[in-house]
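Below, each chain spelled out in residue letters.
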Amino acid sequence: MRQRLSSEPDRYRGRRRVPTPPRSRYAAVVTTAFVGAGVVALGAGALPDAKSVSPAVLDELKQASVTSQDAASRADSAERASRSDRPATTAAAAEQDVWLLPLQGYDFNSPYGMRWGKLHTGVDLVAPEGTPYVAIHDGTVTKAGWFGGYGYTVIVKHADGSEAIYGHSSSLTVQEGQQVKAGDQLGLVGNTGHSYGSHLHLEIHVKGEPLDPVPWLQKRGVDIKLQVEAFYTEAAAS
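For clarity, every value in this text was computed on a predicted model and none was experimentally measured. (Residues numbered from 1 in each chain as written. Predicted model: local features only at pLDDT ≥ 70, side-chain atom pairs only at ≥ 80, totals over all residues. Heavy atoms only, no water.)

A. Molecular detail of the overall build of the protein chain. When helices and strands are counted, the protein chain shows five helices and 14 strands. Considering only contacts in the protein chain between residues 6 or more positions apart, those separated by 24 or more positions represent 62%. Summed over all atoms, the accessible surface of the protein chain reaches about 13,900 Å², with 56% contributed by carbon and sulfur. (Helix = DSSP H or I, 4+ residues; strand = E, 2+ residues; numbered from the N terminus. Contact = heavy atoms within 4.5 Å. Areas by Shrake-Rupley, 256 points an atom, 1.4 Å probe, with all protein chains shown as cover.)

Below, the structure written as structure tokens:
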């Protein structure tokens, strides 16, 4: 599990493995090194008598060296071209599918289901008051303010029509109508409204009806009970 502060400025930073050079480029480099070594060996007198070597052989070695260097140059050019031809929108398109945990270092409490004879329509994530929480997905803020028993609340509507409700905040850092990205801070954990203690109440609504956030988010790569995000797991492995 990757530990991450929600206030971390660069949320998509991860270690990258050094890419293996293309096979054609590798072969060209090896060939150049081999031929170069041969020419150096001849010039240094590695053979009994460098003057006795046929001029035709020397010409062939020099030509092979030029050819291999040209191949390496072409391989480099092809590699640079392939990088520049990649759509600039690829990263942005991938980010549109990112789903994240709303905060880090919480205790999962009060799952979705019946509680005290009533349906508890979300999950409670216990954390100290003032802990920043973030958007789990891109969307539009449709509510940012007092919301009855939810206290200070943020509601974000996603492109697929689903909504995430973040309740019992101590304060909010977004406004209605604001566009947010996954990972953008929405507010601070609090104890406002009908709350039993400092925690973030998270609900997921689809077509106006509440759903259990646990399996719903698991399908999107987020295990809110185990505090695991598929996006950061993949980034760390890349």
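What follows picks up the thread again.
B. Structural detail: the environment of glutamine 175. Looking at where glutamine 175 falls in the secondary structure, it is placed in the loop between strand 8 (163–172) and strand 9 (179–180). Taking the C-alpha atoms as reference, glutamine 175 lies 5.6 Å from alanine 144; in sequence the two are 31 residues apart. Sequence-distant contacts of glutamine 175, defined by excluding residues within four places in its chain, comprise Val141 and Ala144.

C. Local environment of the nonpolar core. Among the nonpolar cores identified, the biggest contains 27 residues, and Leu103, Tyr133, Val154, Tyr166, Leu186, Leu217 and Ile224 are the most heavily contacted of them. Setting aside residues no more than four positions away along its own chain, leucine 103 makes contact with Leu125, Ala127, Thr131, Pro132, Tyr133, Val189 and Leu200. (Core = buried A, V, L, I, M, F, W, Y, C linked by side-chain atoms within 4.5 Å. Buried < 20%, exposed > 50% of the residue type's maximum accessible area, 1.4 Å probe, protein only.)

D. Inspection of the pattern of salt bridges at higher detail. Applying the stated criterion across every chain yields a total of two salt bridges. Linking aspartate 124 and arginine 115 is a salt bridge whose minimum nitrogen-to-oxygen distance equals 3.3 Å. Taking relative accessible area as the criterion, arginine 115 reaches 23% and is therefore assigned partly exposed. For lysine 181, the salt bridge is made with aspartate 138, and the minimal N-O distance between the two is 3.7 Å. (Salt bridge = Lys/Arg side-chain N within 4 Å of Asp/Glu carboxyl O.)

Honestly, it's all geometry; don't read function into it.
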